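Residues per chain, in single letters:
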Amino acid sequence: MGVLNIGSYGGNDSAGSIVAPQIGFNGGTGYLNFNQTDTFTLTNPITGVNTIFFQQLGSGTTILTGANSSANRTLISNGTLQIGDGGANGSIGNGAITNNSVLAINSSTNISFANNQAITGTGVLVQMGTGTTTLVANNTTYSGGTLISNGTLRVGAGPTGPQFDTNGSLGTGNVTNNATLLFSRRFASDTVSNNISGTGALGMFGSGLLTLAGSNSYSGLTTIDSVYTLQIGTGSTNGTLGTGSVSNAGTLSFNRSDLYTASNAISGTGKLSQIGTGTTILLGSNSYSGLTTVTNGVLQIGNGGTTGSIAGDVVNNATLIFNRSDASTYSGTINGTGAVTKQGGGTLTLAGANSYSGGTTISDGVLALGSANAVGASGTIRFGGGTLQYSASNTTDYSSRFSTAASQAYSIDTNGQNVTWASPLASSGGTLTKSGTGALTLAGANSYSGVTTISGGTLALSGAGSIGTGGLNLGSGGVFDLTARTSGTYSLPSTGDLIGSGKLTGNRRTLAVLGAFQPGNSPGTVTVDAGFMLDLSRATSTTFDITDPRFTAGTYDLVNGNGSMIFGGILNLTFSGGSYDNDTDVLQLFANTGGFSGDFTSVFSTGLAEGQFATFNATTGAISVVPAPSTYAVALAGLACGGWQMMRRRRLRQAPTLAGTCDQHFPEPAVR
Amino acid sequence: MIRISFKTLSVGALLPALAVILVLSAPSPHADAQILYVGNGSSNQTTSFTSGTTTYTSAVIANTSTDSNNTLNVLNPGTRLTINPGNVQVGFAGSGNSMVISNGGFVSGSNGVISFGNTASNNSALVTGTGSTWSNSNQVRIGVSGSGTLTVANGGSVIASGATGI
């Protein structure tokens, strides 16, 4: 056994020097001990085939710059053993390495730790040269972590390795990667649980499956080779991708059971797959062109902001969510058995020839039909707050696919198109909002129980079609068209009201209001088209707002147009905006020219001065503001008219034909 | 100045008990000096060269298998032990013997051998201190049969100029 000590064994010496063409170990067991406390560079080649132990025992640094071909074993128990000085030199032979301190690689060329050179121990591996260091040994288990400050640290022998090669690993410690970490396998599958940080890049070259299970924050580029799969997570709540961009020529797969957000910009020709049971949110501006596959959980594009996209086609067998606050277009094709959900306040245009069958949920914003098959060929369409917007390329009747579950907020923007729905909508508590120019025609006998709102364009009924039972809100400018309805009279159920500002149209058609009629939007106008009759004879009440004593146009609710009216029920008049002078037929609230019939059973007014009340003229459609009689006159009138009239003191008929009667002049105390 | 000149300097053979020979200085070269033995059938012998140049044809520490704990010291700047044309054998056959070159001492020879024979073990050479040099025109062999140790520390230098090096 021969021992060569650099520095005294066990001492605190600095190194000496060796001047020799080589150091050979040619018989028995040899030890080359580096005990020094300072930096020592061993330039000599080291040869030999016997059992040789390199031992870094001192606190200093040993730099090996010679060619080491010996079958040595290496123990690093102190200080640093460094291979190379930054040039194309240095090697560590081919034996196993127990590293309990620091093993540094500083070469400008390639250094490989072969199958029999597993690095074990508690120490740190440092890649500091500009070259590539390759870890091939299968049982590399060093636990002190890895620092990559320069060059490339490659794990695995790469595509030239044996098939199903599983060798090469990083040890178990954290990795600070400020250069390049490259996994290079061939048909191998392995999991990297290290936490990878730093500014460096992560690459894959070869083939296989690499699973990142650590909490990674590295900020450099991630590169995935064409037959490589990079999987994030093991199906649980671990594994992250780092923060940098991804150049994907292979497959990027997400496999977590919880919510995970990937803000990376993903480019390349590769694929992306969601296989975990959790939700993966893509926030990057992604341009990868390969197929996106959703086999489990949720893949969400955007998170309510203005970022997040995908470009290629999607096979969706689970759930695909789009969630952005701005306008975006997805032109790829969505196939599969999964569901699509639209979230976020923006407009999403689906422009692909989609065939997904799992249904569509519109929870927020606008889902624009940018193609004939935008929402797939089948599957329930659910409304949770968003709007389905038609286009010239798609006016399909989707009513048969609309959900009948409770509280559906059916919302349609016809967007200049004419659309007919044949199937009735049935949703307890459901509502229908129609917006945009163009007409939506309801041919079915709808039974949803919420309000129907026309925010724009025309809502028409055809045949025996009806709106739901929750009343009609004309919105501001909406048109309700009964032209194509079979029956001459269509009645709004007593469970709903007719409110808002808009137009009622349909020649020889009558709309009977069984609930309340409240024209205007405080204030506003309802236009009754020629040939159309608005029948209030069975209405529970009619309410008009008058907001300006000067009666300037637009300051009071109004019914106009060329249609006709049937009055009935209670008329409520709400005055505001100042003092109103007494006058007769001071304001015509019903200015429609098609004629009047019937009368209101009572007129209530609020907002007038003490001693004033309002009357209505059913012949002219106008109201009058009149003074209340004196107390004396009231007493006389009361005596003259009898007690039965006292029972009606809050109901005053106003027909001019009754002028002079007790009803006409009963001192109605203003109902304010 | 004390001059000691031997055809063969054999420490231990002359003084089988504990012996210390201090070679304070020597003429250079000594044409009649042949082999330097430190321990030749004896143990616990120390030979120290502290100045000047001394020349032998060979240097053998522990010539027999029973020789142990013998020491050759070469120290101080300007102290040169020249072995020509032979080798420096540190623990030729015995155990626990050593050569210490320190404080600028200089030893030269053809080959340096530590623990040569089958019976040799635990022999060592220490070259320590700035300027301390063990210079071999051919090679240094450590533990040829038994165990041997070469330590180079504190700026000391070992030179093995032959193709096989150490």
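Residues numbered from 1 in each chain as written. Chains lettered and ligands numbered in written order. Predicted model: local features only at pLDDT ≥ 70, side-chain atom pairs only at ≥ 80, totals over all residues.

**Considerations on the overall build of chain A**
In terms of helices and strands, chain A carries 3 helices and 66 strands. Computed over the C-alpha atoms, the radius of gyration of chain A is 42 Å, more than 25% above the 26 Å expected from 2.2 N^0.38 for a compact globule of 672 residues. Principal axes of the C-alpha set define a box for chain A whose edges measure 140 × 50 × 35 Å. Looking at chain A as a whole, 57% of its 672 residues qualify as buried. Long-range pairs, those at least 24 residues apart, make up 36% of the contacts in chain A between residues at least 6 apart in sequence. (Helix = DSSP H or I, 4+ residues; strand = E, 2+ residues; numbered from the N terminus. Rg over C-alpha atoms; globule rule 2.2 N^0.38 Å. Buried ≥ 20, exposed ≤ 12 C-beta atoms within 10 Å, placed from the backbone. Contact = placed C-beta atoms within 7 Å.)

**Looking at the overall build of chain B**
In terms of regular secondary structure, chain B is built from 0 helices and 17 strands. The buried share of chain B, taken over its 166 residues, is 58%. Partitioning the intrachain contacts of chain B with sequence separation of at least 6 by distance along the chain shows that 81% fall at a separation of at least 24.

**Focus on the environment of Ser215 of chain A**
All names here are of chain A. When you line up the elements, Ser215 lands in the loop between strand 24 (207–212) and strand 25 (222–224). A sequence separation of 18 residues divides Ser215 from Gly233, and the C-alpha atoms of the two residues are 9.7 Å apart. What Ser215 contacts, discounting residues up to four positions off in sequence, is Asn195 and Thr240.

**Details of the interface of chain A and chain B**
As a measure of interface size, the accessible area lost when the parts come together is often cited. On the chain B side, the residues contacting the 23 residues of chain A number 22 residues. Taken together, the elements giving at least two residues each to the side of chain A that touches chain B come down to strand 1 (2–6), strand 2 (17–19) and strand 3 (23–25) of chain A. The leading source of residues in the side of chain A that touches chain B is strand 1 of chain A, at 5 residues. Across the side of chain A that touches chain B, the residue classes tally to 11 nonpolar, 11 polar and 1 charged. Across 3 bridges, strand 2 of chain A lies against strand 17 (residues 157–160) of chain B in parallel orientation. When the bridges of strand 17 of chain B are listed, Ile18 of chain A appears paired with Val158 of chain B. (Nonpolar A, V, L, I, M, F, W, Y, C, P; charged D, E, K, R; others polar. Pairing = 2+ DSSP bridges.)

**Quick word on the sheet that holds strand 18 (residues 152–155) of chain A**
All names here are of chain A. As summarised here, the arrangement of the 8 strands in space is 13-16-18-20-23-25-27-30, forming an open sheet in which the pairing is parallel. Each end of this open sheet is capped by a strand with a single partner; those strands are strand 13 (111–113) and strand 30 (266–267). Here strand 18 runs beside strand 20 (residues 180–183); their pairing, made up of 4 bridges, is parallel. Bridging from a neighbouring strand, Leu153 pairs with Leu181 of strand 20.

**Thoughts on unusual backbone geometry**
All names here are of chain B. Cis geometry is found at the peptide bond from Asn84 to Pro85, where omega equals 10°. Mapped onto the elements, Pro85 comes out in the loop between strand 8 (80–83) and strand 9 (88–90). Even without being a glycine, Asn76 presents a positive backbone phi close to 85°. Relative to the elements of secondary structure, Asn76 occurs in the loop between strand 7 (71–75) and strand 8.

**What about the sheet that holds strand 60 (residues 564–567) of chain A?**
Residues and elements named next belong to chain A. The parallel open sheet is built from 5 strands, whose spatial order is 52-54-57-60-63. Every interior strand has two partners, whereas the edge strands, strand 52 (489–492) and strand 63 (596–598), have only one. Here the average twist between neighbouring strands, direction ignored, is 15°. Bridging between strand 57 (residues 532–535) and strand 60 involves 3 bridges; their strand directions are parallel. In the strand pairing of strand 60, Met533 is matched with Ser564. (Axes fitted to C-alpha atoms, helices over the stretch in contact; angles between N-to-C directions.)

**Re the confidence of the model for chain B**
Residue and element names in this part refer to chain B. Averaged over every residue, the pLDDT of chain B is 86; the share at 70 or more is 80%. Low confidence marks residues 12–18, where pLDDT is under 50. Its contacts with residues over four positions away, or in another chain, come to 13 contacts. Predicted confidence is poor over residues 24–32, with pLDDT under 50, and the contacts of this stretch with residues over four places away or in other chains come to 23 contacts. What the predictor reports for the complex is a pTM of 0.86 with an ipTM of 0.88. (pLDDT = per-residue confidence, 0-100.)

**Observations regarding the confidence of the model for chain A**
If pLDDT is low for a region, its predicted coordinates should not be looked at in detail. With 92% of its residues at a pLDDT of 70 or more, chain A has an overall mean of 91. Long-range and interchain partners of residues 631–672 of chain A, a stretch whose pLDDT sits below 50, account for 48 contacts in this model, where long-range means more than four residues apart.

**Description of the environment of Ser363 of chain A**
All names here are of chain A. Of note, Ser363 is situated in the loop between strand 41 (360–362) and strand 42 (366–369). When the C-alpha positions of Ser363 and Arg382 are compared, they lie 8.1 Å apart, and in sequence the two are 19 residues distant. With residues up to four places along the chain from it excluded, the contact list for Ser363 reads Thr341, Lys342, Gln343, Gly384, Gly385 and Gly386.

**Details of the pairing of strand 65 (residues 612–617) of chain A**
It is a general feature of regular strands that their side chains alternate between the two faces of the sheet. All names here are of chain A. Judged by how many residues are buried, strand 65 sits mostly within the fold: 5 of 6 residues are covered. Sheet topology note: the strand 65/strand 66 (residues 622–627) ladder contains 6 bridges and is antiparallel. Residue pairing across strands places Asn617 opposite Ala622, the latter belonging to strand 66. Counted along the chain from strand 65 to the antiparallel partner strand 66, the turn is 4 residues long, and its residue Gly621 has a positive phi close to 75°.

**Examining the environment of Met128 of chain A**
Residues and elements named next belong to chain A. Along the chain, Met128 turns up in the loop between strand 15 (124–127) and strand 16 (132–135). In this structure Met128 comes out as partly exposed when scored by C-beta crowding, with 19 C-beta atoms within 10 Å. In this structure, the C-alpha to C-alpha distance between Met128 and Asn106, residues 22 residues apart in sequence, is 4.9 Å. Those residues in contact with Met128 that sit more than four places away from it in its chain are Ala104, Ile105, Asn106, Ser149 and Asn150.

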